[in-house]
Amino acid sequence: MSSPIPRADGALFGALEAAEGPRAYAMFDYLPGRALDNTPEDAALYGQCAAGLHDAADPFTAPGRFALDLKHLITEPMGQMRPLLAEFPDLAAPLGAAAERTQARLSALAPGLSWGACHGDLHEANARLTPESEVGLFDFDCAGPGFRAYDLAVYWWSQATQGQGAEEAQPLWDAFLGAYRERRSLTDADLAALPHFVAARALWFMGLMAGRAAEFGAETLGRPFFDSGLSFLTAWEEQHGA
């Protein structure tokens with residue numbers, strides 16, 4: 001994976017004064033290779049990489065780092081969305097209901113879910129296939145302790161929403177998950193939670209974008225944005241809801 005380059009004083013990161021306050025920075029080395037293709041072969045390599053990452057990260061702790069828990073994935077994103085949804089009550093109500101259902105399903109499974117250090121953003125654009133045919137990872141901005149099933153579900157969500165469509169994404173997801181499970185086991189609760197974590201990721205993403213409304217503008221985050229997100233959640237629940 002891409003590694004931080006030490007500063008002259010040996011530190012791996014520093015801080016810059018920005019308009020909004022101090023901003024941490026780090027410089028990483030170049031990760032050679034090509035983008036992952038949307039093929040079962042590359043999906044399987046990525047699944048093996050995810051298992052290796054979780055194996056290596058099992059003993060790792062990150063004091064002070066935010067947790068990828070249900071508060072971070074659902075409660076806080078809904079809080080970011082509500083001000084923008086105020087003028088769209090016909091969208092706000094069903095989005096809120098979908099969030100409540102997703103939280104209830106995952107809360108019921110939570111006692112049996114695997115927990116540990118996560119990448120937090122394991123979609124295909126955050127990886128490269130190196131010349132040695134190994135998958136290298138970068139962009140750990142969303143990393144933290146969290147549900148391991150969520151970490152995996154990010155790939156499923158990405159494939160189902162980024163042009164592939166849920167049906168076309170299934171062979172890629174099957175290859176990714178199968179390769180992961182060849183190297184690392186998942187609990188029954190993890191497996192049951194995977195589709196619900198896709199819904200949680202969709203809610204998290206909408207909240208992430210809503211939190212940047214001042215940057216992106218209301219035109220970008222208007223009715224079409226939330227309508228698209230609700231349409232995905234509705235279709236996903238129809239296929240995968242409990």
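Above this note sits the structure.
Quick summary incoming for the structure in this document. These numbers were taken from a predicted model, which means no experiment stands behind them.

**Notes on the overall build of the chain**
- Summing up its helical and strand segments, the chain has eight helices and seven strands in all.
- Seen through its principal axes, the chain has C-alpha atoms that stretch 55 × 45 × 35 Å.
- Across the 242 residues in the chain, those meeting the buried criterion constitute 45%.
- Intrachain contacts of the chain at a sequence separation of at least 6 include 76% that bridge at least 24 residues.
- Of the roughly 12200 Å² that the chain leaves accessible, carbon and sulfur atoms contribute 55%.
- Of note, the chain has its 16 positive side-chain charges centred 4 Å away from the centre of its 32 negative side-chain charges.

**A short note on the pattern of salt bridges**
- If you walk through the whole model with that rule in mind, you get eleven salt bridges.
- Among the ionic pairs, Glu237 bridges to Arg101, the shortest N-O distance being 2.7 Å. On the criterion of sequence distance, the pair formed by Glu237 in helix 8 (residues 223-240) and Arg101 in helix 3 (residues 89-109) is long-range, its members being 136 residues apart.
- Looking at Arg101, the relative accessible area reads 36%, which means it is partly exposed.
- What you see here is one network of salt bridges that share partners, running through Asp55, Asp58, Arg148, Arg183 and Arg184.

**Remarks on the sheet that holds strand 3 (residues 34-35)**
- Within the open sheet, the three strands sit side by side as 3-5-6. Their pairing is antiparallel. Each end of this open sheet is capped by a strand with a single partner; those strands are strand 3 and strand 6 (135-137).
- Bridge analysis of strand 3 against strand 5 (residues 127-129) gives two bridges, and the strand direction is antiparallel. Paired with Arg34 across the strands is Leu129, a residue of strand 5.
- Packed onto the sheet, helix 1 (residues 40-57) meets strand 3, strand 5 and strand 6 and runs at close to 55° relative to strand 6.

**Describing the environment of Pro89**
- Residue position: Pro89 is located in helix 3.
- A C-alpha to C-alpha distance of 37 Å links Pro89 and Asp174, two positions 85 residues apart in sequence.

**Regarding the packing of aromatic side chains**
- A full pass over the atoms with the stated rule returns twelve aromatic pairs.
- Geometrically, the ring pair formed by Tyr46 and Tyr155 is edge-to-face, given 5.6 Å between the ring centres and 90° between the ring planes. On the criterion of sequence distance, the pair formed by Tyr46 in helix 1 and Tyr155 in helix 4 (residues 148-161) is long-range, its members being 109 residues apart.
- On the accessibility criterion, Tyr46 (0% relative accessible area) is buried.
- In this structure Tyr155 comes out as buried when scored by relative accessible area, which is 2%.
- These aromatic residues form a ring-pair network of at least three members: Tyr46, Tyr155, Trp156, Trp173, Phe176, Phe232 and Trp236.
- The side chain of Arg201 reaches across the aromatic face of Trp157, ending 4.6 Å from its centre.

**Quick look at the packing of helix 1 against helix 5 (residues 166-183)**
- Here helix 1 crosses helix 5 at 35°, and the two axes come no closer than 7 Å. Of the two elements, helix 1 crosses helix 5, and the hand of that crossing is right-handed. Here helix 1 contributes Pro40, Ala43, Ala44, Tyr46, Gly47, Gln48, Ala50, Ala51, Gly52, His54 and Asp55 to the contact with helix 5, which in turn contributes Leu172, Ala175, Phe176, Ala179, Tyr180 and Arg183.
- Residues of the contact of helix 1 with helix 5, tallied by class, amount to eleven nonpolar, four polar and two charged.

**Side note on the side chain of Arg105**
- Note that Arg105 resides in helix 3.
- Overall, the relative accessible area of 19% leaves Arg105 in the buried class.

**Observations concerning unusual backbone geometry**
- Even without a glycine there, the phi angle at Ser133 is positive, about 60°.
- With respect to the helices and strands, Ser133 occurs in the loop between strand 5 and strand 6.
- Unlike most non-glycine residues, Asp139 shows phi in positive territory, near 60°.
- Inspection of the secondary structure assignment puts Asp139 in the loop between strand 6 and strand 7 (144-147).
- On the accessibility criterion, Asp139 (28% relative accessible area) is partly exposed.

Conventions adopted
Residues numbered from 1 in each chain as written. Predicted model: local features only at pLDDT ≥ 70, side-chain atom pairs only at ≥ 80, totals over all residues. Heavy atoms only, no water. Helix = DSSP H or I, 4+ residues; strand = E, 2+ residues; numbered from the N terminus. Buried < 20%, exposed > 50% of the residue type's maximum accessible area, 1.4 Å probe, protein only. Contact = heavy atoms within 4.5 Å. Areas by Shrake-Rupley, 256 points an atom, 1.4 Å probe, with all protein chains shown as cover. Lys, Arg positive; Asp, Glu negative; His and termini not counted. Charge placed at Lys NZ, Arg CZ, Asp CG, Glu CD. Salt bridge = Lys/Arg side-chain N within 4 Å of Asp/Glu carboxyl O. Pairing = 2+ DSSP bridges. Axes fitted to C-alpha atoms, helices over the stretch in contact; angles between N-to-C directions. Phe/Tyr/Trp six-rings, centres within 6.5 Å; stacked < 30°, edge-to-face > 60°. Lys NZ or Arg CZ within 6 Å of the ring centre and 35° of its normal. Left-handed = near helix turned anticlockwise from the far one by under 90°. Nonpolar A, V, L, I, M, F, W, Y, C, P; charged D, E, K, R; others polar.

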